[in-house]
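# Understanding the architecture of this molecule
Next come the chains, spelled out residue by residue.
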Amino acid sequence: MTSYLCVALGGAFGAVARYAAGNIPVLTAAPHFKTMFINITGCLVIGILWAAIEQWQVSRLWYNILVAGFLGGFTTYSSFSLETIRLLDEGRLPESLGYVLITVAGCLAGCATGFYVTKQILRFI
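It should be emphasised that the depicted structure is a prediction, and the values quoted were computed from it without experimental measurement. (Residues numbered from 1 in each chain as written. Predicted model: local features only at pLDDT ≥ 70, side-chain atom pairs only at ≥ 80, totals over all residues. Heavy atoms only, no water.)

### Quick notes on the nonpolar core
- Membership of the largest hydrophobic core is limited to 11 residues, which are Ala21, Ile38, Ile46, Leu49, Trp50, Ile53, Tyr63, Val67, Leu71, Phe74 and Leu82.
- Contributing elements (two or more residues each) for this core: α2 (31-56) and α3 (60-74).
- Aside from chain neighbours lying at most four places away, what touches Tyr63 is Ile53, Ala68, Leu82 and Arg86. (Core = buried A, V, L, I, M, F, W, Y, C linked by side-chain atoms within 4.5 Å. Buried < 20%, exposed > 50% of the residue type's maximum accessible area, 1.4 Å probe, protein only. Helix = DSSP H or I, 4+ residues; strand = E, 2+ residues; numbered from the N terminus. Contact = heavy atoms within 4.5 Å.)

### Details of unusual backbone geometry
- One non-glycine residue, Gln57, lies in positive phi territory at about 45 degrees.
- Counting through the fold element by element, Gln57 comes out in the loop between α2 and α3.

### Some words on the side chain of Ser96
- Following the sequence through the fold, Ser96 ends up in helix α5 (residues 93-123).
- Residue Ser96 is classed as buried on the basis of its relative accessible area of 1%.
- The contact partners of Ser96, leaving out residues within four places of it in the chain, are Thr84, Leu87 and Leu88.

### Quick look at the packing of aromatic side chains
- Within the structure shown, the criterion is met by four aromatic pairs.
- Both rings, one in Phe80 and one in Tyr99, keep their centres 5.4 Å apart while their planes meet at 45 degrees; by these two values the pair is tilted. You can see Phe80 sitting in helix α4 (residues 77-89) and its partner Tyr99 sitting in helix α5, a full 19 residues away along the chain.
- With a relative accessible area of 25%, Tyr99 lands in the partly exposed category. (Phe/Tyr/Trp six-rings, centres within 6.5 Å; stacked < 30°, edge-to-face > 60°.)

### So, α3
- Residues of α3 that are buried: Tyr63, Asn64, Ile65, Val67, Gly69, Leu71 and Phe74.
- Check the buried side of α3 and you find it contacts α1 (2-21), α2 and α4.
- A side-chain oxygen of the first residue of α3 lies 3.1 Å from the backbone nitrogen of Leu61; this N-cap is Ser59. (Polar contact = N/O pair within 3.5 Å; in protein donor to acceptor, adjacent residues only side chain to side chain.)

### Some points on α2
- With 26 residues, α2 ought to run about 38 Å at 1.5 Å a step, and its terminal C-alpha atoms sit 37 Å apart, in line with that.
- Within α2, the full set of buried residues consists of Ile38, Asn39, Gly42, Ile46, Leu49, Trp50, Ala52 and Ile53.
- On its buried face, α2 sits against α1, α3 and α4.
- Downstream of α2 by one or two residues, Gln57 has phi in the positive range, about 45 degrees. (Expected span 1.5 Å × (residues − 1).)

### Thoughts on the confidence of the model for the chain
- Averaged over all residues, the pLDDT of the chain is 90; the fraction at 70 or higher stands at 100%.
- Ranking the elements of the chain by mean pLDDT puts α2 last, at 87, and α1 first, at 96. (pLDDT = per-residue confidence, 0-100.)

### Structural notes on the packing of α4 against α5
- Two elements in contact, α4 and α5, have axes whose closest approach is 8 Å; the angle formed by their N-to-C orientations is 160 degrees. The angle between α4 and α5 places the two elements in the roughly antiparallel class. At the point where α4 passes α5, the crossing takes the left-handed sense. Contact with α4, carried on its side by Phe80, Glu83, Thr84, Leu87 and Leu88, involves Leu93, Glu95, Ser96, Tyr99, Val100, Thr103 and Val104 of α5 and no other residues of that element.
- Each residue belonging to the contact of α4 with α5 can be placed in one class, and the counts come to seven nonpolar, three polar and two charged. (Axes fitted to C-alpha atoms, helices over the stretch in contact; angles between N-to-C directions. Parallel < 35°, antiparallel > 145°, perpendicular 65-115°, else oblique. Left-handed = near helix turned anticlockwise from the far one by under 90°. Nonpolar A, V, L, I, M, F, W, Y, C, P; charged D, E, K, R; others polar.)

As structure tokens, then:
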């Protein structure tokens, strides 16, 4: 139960941080710049945290607060990137390439399908 509370606590702060980052004036000109900034920043931070957590063998609770919680609330793209780098670090190149291609193509296809199908359905409501 403690792990869930840690993830929830970190997630709350991560969501607030994402909202705050999205309100940085220079990023509000184009929405994709905001998303790109948040995703790249989240990926940078998850890389830093992963290295520090492994090096210092930090408690799993801190992993839950910072990685699963905070960065999960800030951006899920960071988790995708961490999983890809872990596969590469384990020498699983074909699997990591497949994971990247399927994830990116699948996410774009899912988003496009959801958007366009819903748009068509809503025309009749």
